[in-house]
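What follows is each chain in one-letter form.
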Amino acid sequence: MTDSNPSDDRHWSPLSTSRAKWAWGLLAVFAVIYFAVAILTSAEFADLAATEVFLGLPLGFVLGIGLIIAGLIITRIYLSKIEG
């Protein structure tokens, strides 16, 4: 038996297509937002998270709602790029 490697055999890459680059980029954006909110609502920043900022709501609650909305927006952008 002989081992043959065709010249057109390419190594798979997670960034091989423009759609994949968009997907990874959107994941990175969501990860940054998520971890920023997670840090700002952690025990070390409890006083900051308890600060009332909007209609008497604490900052931690507003950041949590913002995270959910950001997730929905990022998901919508992802779906529009994948379908289009």
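Look above for the structure.
Everything numeric in this text was worked out from a predicted model, so none of it was measured.

Our focus in this paragraph is the environment of Leu-63. With respect to the helices and strands, Leu-63 occurs in helix H3 (residues 59-83). Since its relative accessible area comes to 22%, Leu-63 is described here as partly exposed. Residues Leu-63 and Tyr-34, spaced 29 residues apart in sequence, show a C-alpha to C-alpha distance of 9.6 Å. If we skip the residues at most four places from it in the chain, Leu-63 touches Val-37, Leu-40 and Thr-41.

Counted by the stated rule, this structure contains two aromatic pairs. When the centroid spacing of 5.3 Å and the interplanar angle of 85° are considered together, the rings of Tyr-34 and Phe-35 count as edge-to-face. Overall, the relative accessible area of 39% leaves Tyr-34 in the partly exposed class.

Conventions and cut-offs
- The residue count restarts for each chain, going from 1 along the sequence in the order it is written.
- Whole-chain, interface and lining totals are the exception, using all residues; otherwise, since this is a predicted model, local features are given only for residues with pLDDT of at least 70 and side-chain atom pairs are given and counted only at 80 or more.
- Hydrogens are left out, water is left out, and the side-chain values use all remaining heavy atoms of the structure.
- Numbering of helices and strands runs from the N terminus; a helix is a DSSP stretch of H or I covering at least four residues, while a strand is a stretch of E covering at least two.
- Think of it in three bands: with a 1.4 Å probe and only protein chains considered, a residue is buried below 20% of the maximum accessible area for its type, exposed above 50%, and partly exposed in between.
- In this description, contact between two residues means that some pair of their heavy atoms is separated by no more than 4.5 Å.
- Here a Phe, Tyr or Trp ring, Trp counted by its six-membered ring, pairs with any other such ring whose centre lies within 6.5 Å, and the pair is stacked when the planes are under 30 degrees apart, edge-to-face when over 60, and tilted otherwise.

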